[in-house]
Amino acid sequence: MSDTMNNTMNNSMTTQEIEEAFEVNIYPRRDAVLVRGKGSKLYDEKGKEYIDCASNVGVSNIGHANEQVANALFEQYLRLANCYGIFYNDVRARLAQKLAEITPGDLNKAFFCNSGTEAVEAAIKFARASTRKKEIICAMRGFHGKTMGSLAATWDAAYKEPFMPMLQGFVHVPFNNFERLEKAVTNDTAAVLLEVVQGEGGIRVGDRDFLKQTESLCHSRGIILIIDEVQTGFGRTGKMFACEHYDLTPDILCVAKSIAGGIPMGAVICNEKIKVPKQSHTSTFGGNPLACAAALASIDFIEKQGLVNRAHELGEYLLARLRTIKNPKIKEIRGLGLMIGIELNEKAGPYVQILMEKGIIALLAGSFVIRLLPPLVISKDELDKVVEILSDILC
Ligand SMILES: *Cc1c(COP(=O)(O)O)cnc(C)c1O
């Protein structure tokens with residue numbers, strides 16, 4: 001297309017129309033053009049202000065437009081933005097060491113990639129390479145991403161149906177049912193792959209017994225335990241990692257979303273059981289110093305501002321306040337830290353829409369659950385407002 005034509009079209013079209021015209025129509029869209037954010041607030045192109053209760057699906061734990069991360073990015077871009085993994089790099093080294101320090105148990109070795117689904121892909125490959133076995137046991141209602149490997153681990157059939165055949169070797173058992181999980185183990189089981197709190201699956205909190213029994217089974221049978229904390233990591237649930245609620249130590253921890261203050265990054269952090277041949281799994285952008293600098297700045301901000309504790313306290317507060325809303329439309333309210341689901345007895349979509357009209361951006365988790373994942377910097381006043389509006393619209 002010529003520049004003139006492009007300009008003419010752009011000038012006469014709204015942002016919505018341009019995106020509809022020039023992008024693959026694959027996201028179910030909401031009717032807002034978001035152009036700016038600050039802390040726990042988002043703004044659309046008309047200047048309307050929203051309280052963010054989505055954090056871009058758990059990305060913006062430190063809030064929007066964080067100056068510490070912005071400065072780290074600016075400085076690092078002018079020093080060195082890219083450095084393929086065949087070279088050593090000072091910033092990447094610091095981040096790998098930091099992740100070893102803040103992750104549970106003997107998780108000491110990082111592999112860097114660029115998204116959540118890539119972290120899960122790496123975990124699947126690393127588990128297979130380390131055990132030379134094929135099968136991966138996953139949970140019903142689990143969500144692990146949408147590239148071909150992680151999609152096979154994801155439960156929802158609607159996501160898979162257009163893309164058959166799936167990668168082989170994945171079995172799904174009911175979440176929080178240890179007996180069924182144990183029965184699914186064979187001599188060819190490479191790994192068990194689970195979330196601690198299922199996010200997309202409806203904010204379902206893992207049982208302590210289920211997770212601990214699964215952990216010992218994996219240890220005794222030489223099965224790799226992969227925990228997917230792409231959504232629950234970096235303070236979201238009131239611990240730096242949700243595993244810590246249960247003293248759970250996986251062999252591979254998958255992280256992404258909020259790791260780098262909103263900059264794309266994913267990682268797996270592994271223990272010494274994980275062995276992969278050189279050159280067998282690499283990524284051009286994986287561990288680029290730019291994203292690493294953002295991650296270091298973001299983790300530093302989380303630590304210095306006490307955001308993990310804040311998520312714990314505000315989460316308890318919000319859960320308690322929400323539970324005072326007595327309404328037959330509400331089936332159950334559950335969550336951990338600032339990861340909260342309100343399950344309704346009817347479809348939740350219309351309510352999420354009304355919330356947006358009233359200045360609150362929330363998410364769905366399945367069809368019946370309103371999911372709240374506010375930035376961990378959100379204030380009590382803002383949470384009060386969210387509760388007030390929720391109780392109004394549910395009446
Ligand atoms: C979002 C998510 C993923 C996928 O991450 P992407 O960055 O979207 O690929 C994987 N696992 C969990 C638990 C998630 O919430």
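What counts, and at which threshold
Residues numbered from 1 in each chain as written. Predicted model: local features only at pLDDT ≥ 70, side-chain atom pairs only at ≥ 80, totals over all residues. Heavy atoms only, no water. Salt bridge = Lys/Arg side-chain N within 4 Å of Asp/Glu carboxyl O. Helix = DSSP H or I, 4+ residues; strand = E, 2+ residues; numbered from the N terminus. Buried < 20%, exposed > 50% of the residue type's maximum accessible area, 1.4 Å probe, protein only. Pairing = 2+ DSSP bridges. Axes fitted to C-alpha atoms, helices over the stretch in contact; angles between N-to-C directions. Contact = heavy atoms within 4.5 Å. Domains from an automatic or database assignment. Buried area = accessible area lost by both parts, 1.4 Å probe. Nonpolar A, V, L, I, M, F, W, Y, C, P; charged D, E, K, R; others polar. Patch = residues over 30% accessible without salt bridge, like charges linked within 9 Å, V, L, I, M, F, W, Y side chains within 5 Å. Areas by Shrake-Rupley, 256 points an atom, 1.4 Å probe, with all protein chains shown as cover. Disulfide = S-S within 2.5 Å. 1 Å grid on protein atoms, 1.4 Å probe; cavity = no way out; pocket = protein on both sides within 12 Å on 5 of 7 lines; lining within 4 Å. Points joined across faces, edges and corners; volume = space filled by probe spheres on them. Near = heavy atom within 4 Å. Polar contact = N/O pair within 3.5 Å; in protein donor to acceptor, adjacent residues only side chain to side chain.

### Observations regarding the pattern of salt bridges
For the structure on display, the rule yields 16 salt bridges. Notably, a salt bridge pairs Arg 79 with Asp 90, separated by 2.6 Å at the nearest N-O pair. You can see Arg 79 sitting in helix H4 (residues 67-79) and its partner Asp 90 sitting in helix H5 (residues 90-102), a full 11 residues away along the chain. Look at Asp 90 and you get partly exposed, because its relative accessible area is 39%.

### Some points on the sheet that holds strand S7 (residues 189-194)
Spatial strand order, S4-S12-S11-S10-S7-S5-S6: 7 strands in an open sheet with mixed pairing. Of all strands in the sheet, those bounded by a partner on one side alone are strand S4 (109-113) and strand S6 (170-173). Shown here is a sheet whose adjacent strand axes are inclined to one another by a mean of 20 degrees, direction ignored. In the sheet, strand S11 (residues 252-255) pairs with strand S12 (residues 266-270) via 4 bridges, with the strands oriented antiparallel. For Ile 252, the partnering residue across the bridge sits in S12 and is Cys 270. Taken strand by strand, H5 contacts S4 and S12, and its axis lies near 125 degrees from that of S4. Along the sheet, helix H6 (residues 116-131) contacts S4, strand S5 (135-139), S6, S7, strand S10 (224-228), S11 and S12; its crossing angle with S11, the most-contacted strand, is approximately 165 degrees.

### Structural notes on the domain arrangement of the chain
Along its sequence, the chain is organised into domain 1 (10-62 + 306-394) and domain 2 (67-304). Taking only C-alpha atoms into account, the centre of domain 1 sits 25 Å from that of domain 2. Facing the 30 residues of domain 1 at the interface are 29 residues of domain 2. Here domain 1 packs against domain 2, burying approximately 2300 Å² in sum over the two surfaces, 62% of which is carbon and sulfur. Sorting the residues of domain 1 by area buried against domain 2 places Ile 62, Leu 336 and Met 339 first, and these three jointly supply 30% of that buried surface. Between Arg 371 and Glu 200 there is a salt bridge; the shortest N-O distance is 3.0 Å. Residue composition of the side of domain 1 that touches domain 2, grouped by class: 17 nonpolar, 9 polar and 4 charged.

### Points about a nonpolar patch on the surface
A cluster of nonpolar residues, Val 24, Ile 26 and Tyr 27, forms a patch on the protein surface that exposes about 390 Å² of accessible area. Among the structural elements, Val 24 can be located in the loop between helix H2 (15-22) and strand S1 (34-38). Using a relative accessible area of 66% as the deciding quantity, one classes Val 24 as exposed.

### Considering the state of the cysteines
The final tally for this structure, using the stated rule, is 0 disulfides. Summary of cysteine pairing: Cys 113 is not part of a disulfide, and the nearest cysteine sulfur, belonging to Cys 254, is at 8.2 Å.

### Observations regarding the layout of surface pockets
A probe matching the size of a water molecule, rolled over the atoms, marks out where space remains unfilled. Taken as a whole, the second largest pocket spans an internal volume of roughly 1100 Å³. Together, 30 residues line the second largest pocket, and Gly 85, Ala 110, Phe 111, Lys 278 and His 281 are the ones closest to its centre. Of all the elements in the fold, those that place two or more residues in the lining of the second largest pocket are H5 and S4. At 4 residues, the largest contribution of residues to the lining of the second largest pocket is made by S4. A class-by-class count of the residues in the lining of the second largest pocket yields 14 nonpolar, 11 polar and 5 charged.

### A closer look at the site of the ligand
Neighbouring residues of the ligand: Ser 115, Gly 116, Thr 117, Phe 143, His 144, Gly 145, Glu 195, Asp 228, Val 230, Gln 231 and Lys 257. At 2.8 Å from an oxygen atom of the ligand is found a main-chain nitrogen or oxygen belonging to Gly 116. At 2.7 Å from an oxygen atom of the ligand is found a side-chain nitrogen or oxygen belonging to Gln 231. Surface burial for the ligand is 82%, taken as the share of its 380 Å² of free accessible area covered by protein chains. The class makeup of the residues in the shell around the ligand is 2 nonpolar, 6 polar and 3 charged.

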